[in-house]
Amino acid sequence: MGKPTIRTFTRALVQVTVEVPCGSWGNGCELSQVYRQAAEGATGRLRRLLERDGISIVGVVSIKAVTTDTEATNNG
């Protein structure tokens, strides 16, 4: 008598990290606004691209803001 054959069905879900360029903000813009708008912009762009294939966005893992001095002032 041979060993029984077990048939299985396997499904996989994979979470990936992507990097989405999200524009730039001008002088006087608070970082809280940059983080909020960048997260909304990135997830909105990805959602539109992915939802037709049944892919959903789980969450925002990290946001990096890069600031550059554009003007030097002497206040003293």
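Residues numbered from 1 in each chain as written. Predicted model: local features only at pLDDT ≥ 70, side-chain atom pairs only at ≥ 80, totals over all residues. Heavy atoms only, no water.

Some remarks on the overall build of the protein chain
Then comes step 1: A tally of regular secondary structure across the protein chain gives one helix and zero strands.
Then comes step 2: A compact globule built from 76 residues would reach a C-alpha radius of gyration of about 11 Å, whereas the protein chain, at 23 Å, exceeds it by more than 25%.
Then comes step 3: C-alpha atoms of the protein chain, sized along the principal axes, occupy 95 × 25 × 15 Å.
Then comes step 4: Out of the 76 residues in the protein chain, the part that is buried amounts to 8%.
Then comes step 5: Within the structure as shown, the protein chain displays about 7,600 Å² of accessible surface, and the carbon and sulfur contribution to it stands at 51%.
Then comes step 6: Taking the average location of the 9 positive side-chain charges in the protein chain and that of its 7 negative ones, the two points are 21 Å from each other. (Helix = DSSP H or I, 4+ residues; strand = E, 2+ residues; numbered from the N terminus. Rg over C-alpha atoms; globule rule 2.2 N^0.38 Å. Buried < 20%, exposed > 50% of the residue type's maximum accessible area, 1.4 Å probe, protein only. Areas by Shrake-Rupley, 256 points an atom, 1.4 Å probe, with all protein chains shown as cover. Lys, Arg positive; Asp, Glu negative; His and termini not counted. Charge placed at Lys NZ, Arg CZ, Asp CG, Glu CD.)

Focus on the environment of Arg36
Then comes step 1: Its place among the elements puts Arg36 in helix α1 (residues 31-50).
Then comes step 2: Look at Arg36 and you get partly exposed, because its relative accessible area is 44%.
Then comes step 3: Sequence separation between Arg36 and Ile63 is 27 residues, and the spatial gap between their C-alpha atoms is 9.4 Å.

Remarks on the environment of Leu49
Then comes step 1: Residue position: Leu49 is located in helix α1.
Then comes step 2: Judged by its relative accessible area of 56%, Leu49 falls in the exposed class.
Then comes step 3: For Leu49 and Thr70, which are 21 residues apart along the polypeptide, the C-alpha to C-alpha distance reads 35 Å.

Quick notes on the side chain of Thr43
Then comes step 1: Within the secondary structure layout, Thr43 lies in helix α1.
Then comes step 2: Only 3.3 Å separates the side chain of Thr43 from the backbone oxygen of Glu40, close enough to count as a polar contact.
Then comes step 3: Those residues in contact with Thr43 that lie beyond four places of it in its chain are Ile57 and Val60. (Polar contact = N/O pair within 3.5 Å; in protein donor to acceptor, adjacent residues only side chain to side chain. Contact = heavy atoms within 4.5 Å.)

Side note on the environment of Asp53
Then comes step 1: Looking at where Asp53 falls in the secondary structure, it is placed in the segment after α1.
Then comes step 2: A relative accessible area of 54% means that Asp53 is categorised as exposed.
Then comes step 3: Between the C-alpha atom of Asp53 and that of Trp25, which follows or precedes it by 28 residues, the distance is 32 Å.

Worth remembering: the numbers are spatial, not functional.
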